[in-house]
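Examination of the molecular architecture
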2 protein chains.
Amino acid sequence: MTPHDYARQHAEEFRAQLLDFLRIPSVSTDEAYKPEVRRAAEWLAAEMQRIGITTELIDMPGRHPLVYGEWMGAGENARTVLIYGHYDVQPAKKADGWDTEPFEPVEKDGFIWARGATDDKGQVYIHVKAVEAVLKAEGTLPVNVKFIIEGEEESGGQHIAAYVPQHVDKLKADVCVVSDGSMSRVEQPVIVNALRGGIGLEITIHGPSADVHSGMYGGTLHNPNQALAEIIAKLHNPDGSVAVPGFYEDVRVLTPQERAEIAAVPWTDDEWRSETGAQIPWGEPDYTLSERVGARPTLEITGMAGGYYERGFKNIVPSKAWAKISCRLVPDQKPHKILHQVVEYIKQITPPTVRLELAYREGGGIEATLINTNNPMMQAAINAYEKGWGGTPVFKREGGGIPIVGAFQNVLGLPVLLMGFGLNTDGLHGPNEHFSIDMFHRGINTIIVFLNEVAQI
Amino acid sequence: MTPHDYARQHAEEFRAQLLDFLRIPSVSTDEAYKPEVRRAAEWLAAEMQRIGITTELIDMPGRHPLVYGEWMGAGENARTVLIYGHYDVQPAKKADGWDTEPFEPVEKDGFIWARGATDDKGQVYIHVKAVEAVLKAEGTLPVNVKFIIEGEEESGGQHIAAYVPQHVDKLKADVCVVSDGSMSRVEQPVIVNALRGGIGLEITIHGPSADVHSGMYGGTLHNPNQALAEIIAKLHNPDGSVAVPGFYEDVRVLTPQERAEIAAVPWTDDEWRSETGAQIPWGEPDYTLSERVGARPTLEITGMAGGYYERGFKNIVPSKAWAKISCRLVPDQKPHKILHQVVEYIKQITPPTVRLELAYREGGGIEATLINTNNPMMQAAINAYEKGWGGTPVFKREGGGIPIVGAFQNVLGLPVLLMGFGLNTDGLHGPNEHFSIDMFHRGINTIIVFLNEVAQI
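Reference entry: report on the structure contained in this document. (Residues numbered from 1 in each chain as written. Chains lettered and ligands numbered in written order. Predicted model: local features only at pLDDT ≥ 70, side-chain atom pairs only at ≥ 80, totals over all residues. Heavy atoms only, no water.)

**Digging into the overall build of chain A**
Helix and strand counts for chain A stand at 14 helices and 20 strands. For chain A, the proportion of its 457 residues judged to be buried stands at 63%. Pairs at least 24 residues apart make up 79% of the contacts formed inside chain A by residues separated by at least 6 positions. Carbon together with sulfur atoms contributes 49% to the accessible area of chain A, which is approximately 16300 Å² in total. Positive and negative side-chain charges in chain A, numbering 41 and 60 respectively, have mean positions lying 2 Å apart. (Helix = DSSP H or I, 4+ residues; strand = E, 2+ residues; numbered from the N terminus. Buried < 20%, exposed > 50% of the residue type's maximum accessible area, 1.4 Å probe, protein only. Contact = heavy atoms within 4.5 Å. Areas by Shrake-Rupley, 256 points an atom, 1.4 Å probe, with all protein chains shown as cover. Lys, Arg positive; Asp, Glu negative; His and termini not counted. Charge placed at Lys NZ, Arg CZ, Asp CG, Glu CD.)

Here it is in structure tokens:
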């Protein structure tokens with residue numbers, strides 16, 4: 001029996017296990033879910049241990065645990081693959097527009113529907129099951145493997161960022177593979193060659209000390225909703241560029257060759273429309289859609305609220321309004337500097353009639369990463385997609401970020417292979433997140449091939 | 001035993017009953033509370049019936065019931081007083097910043113703390129208890145009384161607005177008294193001589209059909225939070241005036257005499273600071289604080305939200321953002337016209353990159369009311385405050401509105417006496433609403449005197 005046979009014969013069992021993993025609401029961005037995040041780590045560690053990977057939970061006070069596992073049976077002279085992923089997920093509740101409960105996964109229409117299905121539990125599980133298939137079918141692996149699966153990818157990744165530089169020997173490997181991404185079409189796999197960085201902050205505008213009657217005080221108070229809106233409206237220029245002074249000053253200018261490379265993976269307005277459901281693209285007019293997402297920094301208001309925003313109404317001038325701001329950064333932008341620029345600009349445009357409160361992590365933020373594609377391990381990834389997936393991958397810049405990838409490349413000095421197995425339309429971070437059952441199994445086959453290919457480089 | 005003796009001897013019982021009334025969460029602005037609104041009407045009707053007022057619930061499909069009661073024992077030749085109030089309340093939940101549960105009233109530090117304590121259950125109950133005290137002490141009343149207590153004052157008052165013009169005979173009276181207002185200092189009672197009108201609408205800005213990943217799509221989509229903020233920021237001019245074209249064109253210009261009358265009831269910046277907790281007043285620079293609230297129209301964003309606004313964060317471009325807008329109107333402004341102007345302006349400033357959804361009630365809104373103070377009944381109110389409260393009242397324009405008051409004056413042709421018994425700092429519409437126990441009892445004494453004074457006009 002080959003590893004592929006084993007994976008095929010155990011396909012339903014693999015998915016049933018994945019559904020169990022998805023049932024755990026490991027939302028790392030909200031402290032209330034802390035016990036559930038730990039439960040997910042423990043579940044994953046137990047499962048890895050069960051199939052023969054020596055696994056431990058690594059704790060750090062106040063942070064979510066890392067799941068570390070290794071199988072070193074291939075010996076000192078064999079290659080070692082470091083596999084990274086994350087078991088934490090974005091927040092989700094049915095009322096956000098889900099057709100089913102986000103933490104009660106269902107299989108329907110060829111997809112698994114659940115928060116974390118594609119981002120990233122499903123993709124993490126591909127690696128676990130590929131290793132299991134090879135171990136069970138052949139009793140051994142062609143390479144050593146190390147797993148480092150974190151629980152803070154969606155919330156800044158402080159634990160792994162502190163851990164990696166202090167454990168360079170433990171994490172020693174020949175290549176790092178990360179499956180936390182997506183492609184536009186299943187027939188056209190993608191290897192990502194750039195990730196954006198980011199910063200986040202929250203601003204709160206305070207007005208009266210409590211909500212007051214809009215009839216009794218309206219017209220004499222600078223309404224915090226209005227003041228916040230006025231501030232937000234000044235964060236962009238009319239052409240869609242970010243208005244924060246200095247925001248673009250370190251942005252690396254795209255070379256004609258880079259622009260040509262980006263254009264080689266087409267992303268049409270029609271595809272954008274069908275993916276987003278919106279009609280008219282927006283943003284910096286001098287850049288294509290792919291460039292805006294892959295090579296330009298952005299500033300987004302990911303959430304805002306103030307006053308009475310639920311059903312019905314309430315005649316008040318509210319005491320406060322708040323907004324959550326997220327910037328995506330590109331190579332050469334320094335998170336610390338951008339955070340400082342955004343904070344100073346917001347202070348400057350806040351009117352004296354309201355009080356500004358800022359919340360951000362000093363020194364927080366993640367730098368963008370360009371992936372070095374000129375390394376022999378990249379060929380293993382290309383071969384794996386060709387033989388295991390059924391398509392030759394193209395390179396693509398990704399708009400999102402994976403905080404720790406820069407450290408794998410720069411601190412550990414590893415070639416990093418960003419081999420995503422999801423679809424852009426999987427609904428990651430939104431409602432009705434899902435993961436193609438076909439792509440889950442193709443992914444397992446691809447990683448089975450990949451482990452063999454790495455052994456032969 | 002005089003009615004005042006009776007009221008004094010039953011003071012604790014009266015308050016215990018009021019606390020029962022306050023326990024019913026009769027939030028009329030939210031359909032989910034519909035059964036509770038009815039329960040409050042039934043509670044009040046039963047209580048009125050118990051003390052000898054012939055009471056009925058008046059229903060209208062889809063609306064909250066009116067509580068109508070009458071005691072006509074004074075005979076055909078006696079005066080008749082129509083008493084208006086409302087038993088519905090604004091929304092409230094502890095998380096809004098309450099120190100106690102809003103629907104679990106407590107007596108503490110000389111106040112009753114609960115949603116509706118001052119607005120308007122406590123003030124309605126003053127009338128019920130004054131009538132009870134006179135009836136129990138004297139076996140009769142010096143005047144006939146009719147009560148009409150509605151359950152939609154906080155939500156547009158459609159039921160009573162339809163009912164009053166169709167029941168002019170039933171509501172026939174010599175004077176209408178309304179206690180749903182407040183004063184700055186207990187020593188200085190206030191009779192309100194102007195009420196603002198109002199309109200309300202809700203706007204929703206739609207972007208992508210579902211929340212999408214801010215890394216994958218940010219920079220290509222007009223973020224609905226941002227687009228909404230841009231729209232809101234254009235609703236006011238930098239000087240605090242409303243930017244909607246035509247908004248002020250029908251506003252009646254204040255005469256020097258009216259300005260002098262308004263200035264005669266001082267409202268200092270220091271009082272404003274201590275009442276609001278804010279530091280720097282805002283609004284139209286050519287008008288005093290009292291004028292801005294009493295004689296100028298306003299536009300307030302009473303609530304807004306979009307994306308992920310709860311604890312933690314979520315890296316998304318949200319599918320929508322929404323805002324609730326409330327305008328206060330002054331004499332001569334037509335609600336229908338203002339609503340149309342606001343709607344057209346918002347349509348005009350909404351960018352083509354997002355989709356606008358509007359929700360408002362066609363033909364809704366309330367006109368402002370100026371109260372005719374030159375009528376003999378006004379002297380009964382003044383005498384009642386002097387003898388029953390302990391202070392000579394002044395006239396004051398009120399910033400809020402009571403939808404039906406215009407109809408009492410214009411449709412029923414009644415002199416209307418706006419005799420409020422609360423304090424401006426009672427926290428109405430905000431958290432920790434409260435009502436002074438002293439003022440509750442002073443109010444009962446004032447109405448006992450008032451009924452006698454009306455009989456002597």
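**Observations regarding the relation of the copies chain A and chain B**
With an RMSD of 0.0 Å, the fit of chain A onto chain B corresponds to turning through 180° and sliding 0.0 Å along the axis. Here the symmetry operator amounts to a two-fold rotation axis. The overlap is high: 99% of the interface residues of chain A also sit at the interface in chain B, so the same surface is used on both sides. (Least-squares fit on C-alpha atoms with pLDDT ≥ 70 in both.)

**Quick word on unusual backbone geometry**
Residue Asp-120 of chain A is bonded to the preceding Asp-119 of chain A through a cis peptide linkage, with omega at 5°. In this fold, Asp-120 of chain A is placed in the loop between β5 (111–113) and α4 (121–138). A positive phi angle is found at Asp-109 of chain B, which is not glycine, with a value near 55°. When you line up the elements, Asp-109 of chain B lands in the loop between β4 (106–108) and β5 (111–113).

**Looking at the pairing of strand β12 (residues 298–307) of chain B**
In terms of burial, β12 of chain B is largely enclosed, as nine of its ten residues are buried. Where strand β12 (residues 298–307) of chain A meets β12 of chain B, five bridges bridge the pair, whose relative direction is antiparallel. Within the sheet, the bridge partner assigned to Gly-306 of chain A lies in β12 of chain B and is Met-304 of chain B. Where β12 of chain B lies against strand β14 (residues 320–329) of chain B, eight bridges are found, and the strand directions are antiparallel. (Pairing = 2+ DSSP bridges.)

**Remarks on the interface of chain A and chain B**
Facing the 85 residues of chain A at the interface are 84 residues of chain B. Overall, the association of chain A and chain B removes approximately 7300 Å² of surface from exposure, summing both partners, and the carbon and sulfur fraction of that is 54%. At the boundary of chain A with chain B, the tally comes to six salt bridges. Where Asp-30 of chain B meets Arg-311 of chain A, a salt bridge forms, and the shortest distance between an N and an O atom there is 3.2 Å. Across the chain A-chain B interface, the total number found is 48 residue pairs in polar contact (both at pLDDT 80 or more). When contributions to the side of chain A that touches chain B are tallied by element, the ones reaching two or more residues are α6 (214–217), α7 (224–233), α9 (269–276), α10 (289–294), β12, β13 (316–317) and β14 (320–329) of chain A. Class assignment of the residues belonging to the side of chain A that touches chain B gives a composition of 33 nonpolar, 34 polar and 18 charged. (Buried area = accessible area lost by both parts, 1.4 Å probe. Salt bridge = Lys/Arg side-chain N within 4 Å of Asp/Glu carboxyl O. Polar contact = N/O pair within 3.5 Å; in protein donor to acceptor, adjacent residues only side chain to side chain. Nonpolar A, V, L, I, M, F, W, Y, C, P; charged D, E, K, R; others polar.)

By themselves, these are just geometric observations and shouldn't be taken as functional.
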